[in-house]
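Report on the structure
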Amino acid sequence: HYKPRPVSFQQANMAAAGEAVQAVMPRASRRSGSEVAATDGDSVVEVPGGVEVGGWRITTHKDHIMESRCSQQPPCDNATTDPCLFCRVSKQFVMPLPEELYAASHVTLRHCSGAEIKFIAAAALRGVDEHHDLVKVDYAEAWQAARRRTQAEELTEVEPFDWTYTTDYKGTLTPSFQVLPTSERIDIESLKVREKIHLYDHVFLYADDFGDNGVVNMSVRVRVMPSGFFVLQRLYVRVDRVLVRVHDTRLHHKFGETRLLREYVEREATFDELQRILGPGITSILYREEELESLLRSLPMTRETLEQLVLGTPAK
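Reference entry: report on the structure contained in this document.

Quick notes on the rules
- Residues numbered from 1 in each chain as written.
- Predicted model: local features only at pLDDT ≥ 70, side-chain atom pairs only at ≥ 80, totals over all residues.
- Heavy atoms only, no water.
- Helix = DSSP H or I, 4+ residues; strand = E, 2+ residues; numbered from the N terminus.
- Buried < 20%, exposed > 50% of the residue type's maximum accessible area, 1.4 Å probe, protein only.
- Areas by Shrake-Rupley, 256 points an atom, 1.4 Å probe, with all protein chains shown as cover.
- Pairing = 2+ DSSP bridges.
- Contact = heavy atoms within 4.5 Å.
- Phe/Tyr/Trp six-rings, centres within 6.5 Å; stacked < 30°, edge-to-face > 60°.
- Lys NZ or Arg CZ within 6 Å of the ring centre and 35° of its normal.

**A short note on the overall build of the chain**
When helices and strands are counted, the chain shows eight helices and 15 strands. Looking at the chain as a whole, 52% of its 316 residues are labelled buried. Summed over all atoms, the accessible surface of the chain reaches about 15100 Å², with 49% contributed by carbon and sulfur.

Below you can see the structure in the form of structure tokens.
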């Protein structure tokens, strides 16, 4: 059910891969069968959509792009007891939704204590500013009006909103986690050690190309191995000849520990700044998959948050 992404969006996701992902998420074969022996003495049990290991059930789901209008006849209204997915999601927002929205896709990590971390598109979009246009360019107003036209029967007045769909979403946590600041970082070097891969997946949440004037793409990669799991959620924004922005959330857990480390980093640079750093080759770097890593290494950091997520008491 997963729709292949246009080339321009694939290029954005190469940026979303990042140097750390290539290093810490090497591809490896999985053993067949319903149970795989783990090197740490635990067992890995395959479940629908994922695995159970180390007291965690880790699952992913990839669904098709959500329809851009109500799919029911007659259309859903306030009296509809079982509204369609589009109506359930769109009613949560004032702004038009991204062109590609994988509203039913998710990455879910659930601990045996009941604690859960979930990465879903609707929750991510709730972090978008729906009332202010934060990136001013000539084509923004026309693009917003066109998007409103495609998602409504009649064109209404377009309210300003952050049409780059930038969010500081770091995943949805249940209250059973205690979130504490820390100075400790994820040990990326230890994650470069090649291990057996029990689960690897890449799930897209949303994307848009701003009417061929750039791209926004949010996706989540998850890797489960005998020692623990690693998650990278990345928001990649490119507004042509204006700016490039990357928001990364990295999550790492070692099985047997009662905490997870979470790193959130924002990077951003204007086109002029990147041109000074990268020189005349910036155009090829922005549009060629094999050159995008140079771009990511050049983006200045604008914000960083280091946290530990402490698990509560296991359920009886």
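Having seen it, we continue.
**Observations concerning the sheet that holds strand β9 (residues 178-181)**
Strand order in the open sheet formed by eight strands is β5-β10-β11-β12-β13-β14-β15-β9, with antiparallel pairing between adjacent strands. What marks the edges here is a single partner per strand, and that holds for β5 (100-101) and β9. Strand direction decides the pairing type here: strand β12 (residues 228-239) and strand β13 (residues 243-254), joined by twelve bridges, are antiparallel. Within β13, the residue paired with Y236 across the bridge is V246.

**Some details on the environment of A123**
Relative to the helices and strands, A123 is located in helix α3 (residues 121-125). Residue classification places A123 among the buried positions, given a relative accessible area of 10%. A C-alpha to C-alpha distance of 8.0 Å links A123 and G171, two positions 48 residues apart in sequence. Setting aside its immediate chain neighbours within four residues, A123 contacts Y169 and T172.

**Considerations on the pairing of strand β6 (residues 106-111)**
Where burial is concerned, most of β6 is hidden: five out of the six residues are buried. In this structure, β6 lies alongside strand β7 (residues 116-120), joined through five bridges in antiparallel fashion. From the neighbouring strand, R110 faces β7, where its bridge partner is E116. Between the end of β6 and the start of β7, which pair antiparallel, lie four residues, with G114 showing a positive phi angle near 105 degrees.

**Some details on unusual backbone geometry**
Both trends apply: most residues other than glycine have a negative phi, and most peptide bonds are in trans. Look at the link from Q73 to P74: it is a cis peptide, with omega at -5 degrees. Within the chain, Y165 stands out as a residue other than glycine whose phi angle is a positive 55 degrees. Counting through the fold element by element, Y165 comes out in the loop between α4 (140-150) and β8 (172-173). Exposure remark for Y165: the relative accessible area of 0% places this residue in the buried category. At D212, a residue that is not glycine, the phi angle is positive and equals roughly 65 degrees. Checked against the element boundaries, D212 lands in the loop between β10 (199-208) and β11 (214-225).

**As for the packing of aromatic side chains**
For the coordinates displayed, the defined rule picks out six aromatic pairs. Pairing Y165 with Y206 gives two aromatic rings, centres 6.4 Å apart and planes at 65 degrees, and the pair type is edge-to-face. A residue pair is termed long-range when its members are at least 10 positions apart, and Y165 in the loop between α4 and β8 and Y206 in strand β10 qualify at 41 residues. With a relative accessible area of 0%, Y206 lands in the buried category. Three or more aromatic residues joined by ring pairs make a cluster, and in this case those are W56, F229 and F255. Residue placement shows K170 over the ring face of Y264; its charged tip is 5.7 Å from the ring centre.

Distances and angles like these do not, on their own, reveal function.
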